[in-house]
Amino acid sequence: MFQLLLKRNFTLLFTGRLITNIGDSLYAVAAMWLVYELTSNSIFTGIAGALTMGPMALNFLIGPLVDHLPLKNLLVYSQLIQVVLILIIPITFYLDILNVWIVLTIMPIAVFIEQFAYPAQQTALPKILEKEELVKGNSMMAFAYQGTDIIFIGLSGLIIAYIGAIQVFVIDAFTFLVAGLLFHFLALPKRANEVAQQGMKDTIKSAKSSYTKDLKEGISYVKNSFIPKFLVAVVGANFLFGAVNAILPVYADLRGGEVFYGYYLAALSVGMLVGSLSASALNRFSISTIMIVGSVAAGCSWLASFMVTNSYLSVIMYGLAMIPIGSINVMTQSMLQAIVSEALLGRVVTIVSSMASIALPVGALFGGIAANFIGSEYVFFLGSIANILIGAYWLINADLRKIPTLEKMNPENYGLSA
């Protein structure tokens, strides 16, 4: 696998992705904590969470543009624009004019711009690797994406505690600058750097027409399947995650200050990683068993995290709650891949992802507002109850309760035959 690093273009693309994702991970956490520092108000952290997560639901709009615009330009300029945007925050701080509205304006713009980089990287990959190298290449790119998320989201809270959020933004801008320079030296085939001959207006119109047709087909496919039944739980889980993510800076401050924000994030990251890596060992169990037992176990550990008075033990129990959640995420993705026809998998995953992503900013707004009235600790408590209710939902739904192991799942039995 690592022999691919001997290829100059792949090394540039891989390293650029690694570095830009470090920047994303640092930025996401630093922005949330800075908003809390500036306001000490959970409503604003809820708004910040919603603004950070909201652009993720717009990925379907970006895909058609990536297919028609120059890849190299997209890769380079998406990074350089973020350098400028991110530097606005430390510059205004040193000029003593920084306020929460500046941060809330920069956040969604920077996140939206970065949404162009990832599909552009995936589109560039088959242009620089041979067909038989794609699986290895995608595995390494996935590591660059998920590995840095897990490591640096966990570390970013600790980094903020020791050097401050403003300095993190300076580091963040530097990572985007380095990534942009790496992408600049990519040698992509000429076709990848040529704008389509028709005007941009026609390009967008054509892409919109094609997307609308494909989307309708995908929606019809999903609607006539069992997917909406389990999607209720997925949307609920994302709503919960958005709410807790929004109040976590406030809750962590109650538990012991900004350093505990880092501890909780680290626990979340490690727990999710352990759960993801452990998922393959659960193949012998039915999907329904994994979902029911996993959700209830996560809820109970989360509840223990809320109830214990020792903050360090609370962090440990929170991390343990993330282990079954990490496994559930992997099993959910694997279930879709197992039962959806290959021809429609991309559209189905996009629909499911978009619907689930919409719940994140809505949950963040709810969490921030609710915490202002009932306290961040009780929003955190609701997270544990919600996980238990998700398990109960799978248990009382006859169709979901009967879902077997992945190996025994037959697409025809779930209304998903092509």
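In this text the structure is predicted, and so the values were computed from the model without any measurement. The written sequence of each chain sets the order in which its residues are numbered from 1. Only residues with pLDDT of at least 70 are given local features in this predicted model, and only at 80 or more are side-chain atom pairs given and counted; all residues enter the totals for whole chains, interfaces and linings. Only hydrogens and water are removed before side-chain values are computed, so all heavy atoms of the structure are retained for them.

Caption draft 1: Local environment of unusual backbone geometry. Phi angles above zero are rare outside glycine, and Ser40 is one such case at about 50°. Secondary structure elements follow DSSP: runs of H or I no shorter than four residues count as helices, runs of E no shorter than two count as strands, and numbering proceeds from the N terminus. Within the secondary structure, Ser40 is located in the loop between helix 1 (8-39) and helix 2 (42-53). Residue Asp96 is not a glycine yet carries a positive backbone phi of 60°. Along the chain, the position of Asp96 falls in the loop between helix 4 (71-94) and helix 5 (100-114).

Caption draft 2: Region of the structure containing the nonpolar core. Joining through side-chain atoms within 4.5 Å is the link that ties buried Ala, Val, Leu, Ile, Met, Phe, Trp, Tyr and Cys residues into a set, and such a set is a nonpolar core. Each residue is assigned to one of three classes by its accessible area relative to the maximum for its type, calculated with a 1.4 Å probe on protein chains only: buried under 20%, partly exposed between the two thresholds, exposed over 50%. Ranked by internal contacts, the top residues of the largest apolar core, which has 59 residues, are Trp302 and Tyr318. In terms of residue count, helix 1 provides more of this core than any other element does, 11 residues in total. Core analysis: the second largest hydrophobic core is formed by 22 residues, Leu231, Met291, Leu336 and Ile390 among them.

Caption draft 3: Region of the structure containing the environment of Leu177. In this structure, Leu177 sits in helix 8 (residues 165-184). Look at Leu177 and you get partly exposed, because its relative accessible area is 35%. The contact partners of Leu177, leaving out residues within four places of it in the chain, are Leu80 and Val83. Contacts are residue-level and defined by heavy atoms, with any inter-residue pair within 4.5 Å sufficient.

Caption draft 4: Here's a closer look at the confidence of the model for the chain. Scored by pLDDT, the chain has a mean of 78; 76% of the residues are at 70 or more. Known as pLDDT, the predictor's per-residue confidence is scaled from 0 to 100. Here residues 191-200 is a poorly scored stretch, pLDDT under 50, and it has 17 contacts once near neighbours within four places are set aside; other chains count.

Caption draft 5: View of the side chain of Ser295. Inspection of the secondary structure assignment puts Ser295 in helix 12 (residues 287-307). You can call Ser295 buried: its relative accessible area is 5%. When near neighbours in sequence (up to four residues on either side) are disregarded, Ser295 contacts Ile290, Ile328, Asn387, Ile388, Ile390 and Gly391.

Caption draft 6: Geometry of the side chain of Ser78. Among the structural elements, Ser78 can be located in helix 4. Any N or O atom pair separated by 3.5 Å or less is treated as a polar contact, with the protein-specific requirement of one donor-capable and one acceptor-capable atom, and with residues adjacent in sequence counted only for side-chain atom pairs. Within the structure, Ser78 has its side chain in polar contact with the backbone oxygen of Leu74 (distance 2.8 Å). Here Leu75 takes part through its backbone oxygen, which lies 3.0 Å from a polar atom of the side chain of Ser78.

Caption draft 7: View of a nonpolar patch on the surface. Each patch groups residues whose relative accessible area exceeds 30% and which form no salt bridge, using 9 Å between like charges and 5 Å between nonpolar side chains of Val, Leu, Ile, Met, Phe, Trp and Tyr. All accessible-area figures derive from a Shrake-Rupley calculation using a 1.4 Å probe, and residue coverage is judged against the displayed protein chains alone. Any carboxyl oxygen of Asp or Glu that lies within 4 Å of a side-chain nitrogen of Lys or Arg is treated as forming a salt bridge with it. Taken together, the side chains of Tyr77, Leu80, Ile81, Phe174, Leu177, Leu181 and Phe185 make up a nonpolar region of the molecular surface, amounting to roughly 680 Å² of accessible area. When contributions to the nonpolar patch are tallied by element, the ones reaching two or more residues are helix 4 and helix 8. Among the secondary structure elements, Leu181 is positioned in helix 8. Judged by its relative accessible area of 48%, Leu181 falls in the partly exposed class.

Caption draft 8: Spotlight on the environment of Pro361. Relative to the assigned elements, Pro361 resides in helix 14 (residues 342-374). It is 7.7 Å that separates the C-alpha atoms of Pro361 and Phe239, two residues lying 122 residues apart in sequence. The contacts of Pro361, once residues within four sequence positions are left out, are Ala50, Met53 and Gly54.

Caption draft 9: Quick peek at the packing of aromatic side chains. For this analysis, a ring pair means two rings from Phe, Tyr or Trp (six-membered ring only for Trp) whose centres lie within 6.5 Å, classed as stacked if their planes differ by under 30 degrees, edge-to-face if by over 60, and tilted for the remaining angles. What the rule picks out here adds up to 17 aromatic pairs. Ring geometry for Phe260 against Tyr263: centres 5.1 Å apart, planes inclined by 85°, an arrangement best described as edge-to-face. With Phe260 and Tyr263 both in helix 11 (residues 258-278), this residue pair falls three residues apart, about one helical turn. Look at Phe260 and you get buried, because its relative accessible area is 6%.

Caption draft 10: Region of the structure containing the environment of Val111. Along the chain, Val111 falls in helix 5. According to the relative accessible area criterion, Val111 is buried, its value standing at 10%. Sequence spacing of Val111 and Pro55 is 56 residues, and the spatial spacing of their C-alpha atoms is 6.5 Å. Residues within four places of Val111 in sequence aside, it is in contact with Tyr27, Thr52 and Pro55.

Caption draft 11: Highlighting helix 10 (residues 227-255). Expected helix span is computed as 1.5 Å times (number of residues minus one). For helix 10, which comprises 29 residues, the first-to-last C-alpha distance of 39 Å matches the rise-based estimate of 42 Å (1.5 Å per residue) to within 8%. Two axes enter the bend calculation: one fitted to the seven residues ending at the residue in question, the other to the seven starting there, and the bend is the angle between them. A bend of about 50° at Leu248 is the largest found in helix 10, and the proline Pro249 appears one to four places after it.

Caption draft 12: Local environment of the packing of helix 1 against helix 5. Helix 5 packs onto helix 1 with a crossing angle of 160° between their chain directions and a minimal axis gap of 10 Å. As judged from the angle between their axes, helix 1 and helix 5 are roughly antiparallel. Pair helix 1 / helix 5 crosses with left-handed handedness. Where helix 1 approaches helix 5, its residues Thr20, Asp24, Tyr27, Ala31, Leu34, Val35, Leu38 and Thr39 are matched on the opposing element by Val100, Val103, Leu104, Ile106, Met107, Ala110, Val111 and Glu114. Partitioning the contact of helix 1 with helix 5 into residue classes produces 12 nonpolar, two polar and two charged. Axis geometry follows a simple rule: fit a line to the C-alpha atoms, using only the stretch in contact for helices, then measure angles between N-to-C directions, giving values from 0 to 180 degrees. Here is the rule for angles: anything less than 35 degrees is roughly parallel, anything more than 145 is roughly antiparallel, 65 through 115 is roughly perpendicular, and the remaining ranges are oblique. Should the near helix be turned anticlockwise from the far one by less than a right angle, the crossing is left-handed, and should it be turned clockwise, the crossing is right-handed. Under the scheme applied, nonpolar residues are Ala, Val, Leu, Ile, Met, Phe, Trp, Tyr, Cys and Pro; charged residues are Asp, Glu, Lys and Arg; polar residues are all the others, including Gly.

Caption draft 13: Representation of the packing of helix 10 against helix 15 (residues 376-396) within the structure. Where helix 10 meets helix 15, the axes come as close as 8 Å, and the angle between the chain directions of the two elements is 160°. With respect to each other, helix 10 and helix 15 are oriented roughly antiparallel. Here the hand of the crossing between helix 10 and helix 15 comes out left-handed. Partitioning the contact of helix 10 with helix 15 into residue classes produces 18 nonpolar, four polar and two charged.

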